[in-house]
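# Descriptive structure summary
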Amino acid sequence: GFAFLDGTVEKFDLVVMDLTDPVGPAEALYTTAFYQAANRALRPGGTLTLHLGSPFFHPERFATAVRRLASVFAIVRPYFVHIPLYGANWGMACAAQRTDPLAFSAAEVDDRLARRGIAGLQYFNGDTHRAGFALPNFVRALVPSGG
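Given the structure is predicted, the values throughout are model-derived calculations rather than measurements.

## Looking at the layout of surface pockets
In this model, the largest pocket occupies a volume close to 700 Å³. Taken together, 25 residues line the largest pocket, and the ones lying closest to its centre are Cys94, Pro101, Phe124, His129 and Phe133. Contributions of two or more residues to the lining of the largest pocket are made by strand 1 (12-17), strand 2 (42-53), strand 3 (75-83), helix 4 (106-115) and helix 5 (126-132). In terms of residue count, strand 2 provides more of the lining of the largest pocket than any other element does, four residues in total. Taken together, the residues that form the lining of the largest pocket break down as 14 nonpolar, eight polar and three charged. Within this model, the second largest pocket holds a volume of roughly 200 Å³.

## Let's talk about the side chain of His51
In this fold, His51 is placed in strand 2. Engagement of the side chain of His51 in a polar contact is seen with the side chain of Tyr30, the distance being 2.8 Å. Polar side-chain contacts of His51 include one of 2.9 Å to the side chain of Trp90. Filtering out sequence-adjacent residues up to four positions away, His51 remains in contact with Met17, Leu19, Thr20, Asp21, Tyr30, Trp90, Gly91 and Met92.

## Some remarks on the packing of aromatic side chains
Counted by the stated rule, this structure contains seven aromatic pairs. Geometrically, the ring pair formed by Phe56 and Phe138 is edge-to-face, given 6.4 Å between the ring centres and 85 degrees between the ring planes. Of this pair, Phe56 sits in the loop between strand 2 and helix 3 (59-72) while Phe138 sits in helix 6 (residues 137-140), placing them 82 residues apart in sequence. With a relative accessible area of 61%, Phe56 lands in the exposed category. In textbook terms, an aromatic cluster arises when at least three aromatic residues are bridged by ring pairs, as seen for Phe2, Phe34 and Tyr35.

## Quick notes on a nonpolar patch on the surface
Together, Ile118, Leu121, Tyr123 and Phe124 give the surface a local cluster of nonpolar side chains, amounting to about 380 Å² of exposed area. Within the element layout of this structure, Ile118 appears in the loop between helix 4 and helix 5. With a relative accessible area of 39%, Ile118 lands in the partly exposed category.

## Describing the pairing of strand 2
Along strand 2, nine of the twelve residues are buried, which leaves the element largely enclosed by surrounding structure. Here strand 1 pairs with strand 2 via five bridges, running parallel. Bridge pairing links Met17 to Leu50 in strand 2. Where strand 2 meets strand 4 (residues 88-96), six bridges bridge the pair, whose relative direction is antiparallel. Bridging from a neighbouring strand, Thr49 pairs with Cys94 of strand 4.

Parameters and conventions
Residues numbered from 1 in each chain as written. Predicted model: local features only at pLDDT ≥ 70, side-chain atom pairs only at ≥ 80, totals over all residues. Heavy atoms only, no water. 1 Å grid on protein atoms, 1.4 Å probe; cavity = no way out; pocket = protein on both sides within 12 Å on 5 of 7 lines; lining within 4 Å. Points joined across faces, edges and corners; volume = space filled by probe spheres on them. Helix = DSSP H or I, 4+ residues; strand = E, 2+ residues; numbered from the N terminus. Nonpolar A, V, L, I, M, F, W, Y, C, P; charged D, E, K, R; others polar. Polar contact = N/O pair within 3.5 Å; in protein donor to acceptor, adjacent residues only side chain to side chain. Contact = heavy atoms within 4.5 Å. Phe/Tyr/Trp six-rings, centres within 6.5 Å; stacked < 30°, edge-to-face > 60°. Buried < 20%, exposed > 50% of the residue type's maximum accessible area, 1.4 Å probe, protein only. Patch = residues over 30% accessible without salt bridge, like charges linked within 9 Å, V, L, I, M, F, W, Y side chains within 5 Å. Areas by Shrake-Rupley, 256 points an atom, 1.4 Å probe, with all protein chains shown as cover. Salt bridge = Lys/Arg side-chain N within 4 Å of Asp/Glu carboxyl O. Pairing = 2+ DSSP bridges.

Here it is in structure tokens:
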């Protein structure tokens, strides 16, 4: 993944990283250098989204990833998704230079889904979109801007 993004001349609207924890071979995918490569591969309105792990079980790892993202991207929004396999809410983040996922109201998210003909979703809607970005206080304390 790192070699591809570092060497590509293509530009993307979205880079989605479904990663393992930042240890071993995946460690390079959580570095500032990798985030810089992802940023270069994004179109101006593009967004990187990735797994950050659990701020409860690995707070320093979570905080380090957010700080590194913030050193490259103007907008970094941690968010949470319940992962039944792990039995917990798991941390993710959206990072971009221009696109702020919190700029979209719940009604706007629902409207965009409807206009694109996206129906039958079992989880995601405008309310869950907004709620995922609500950070508990212990997470706010981990991120540079307080969330």
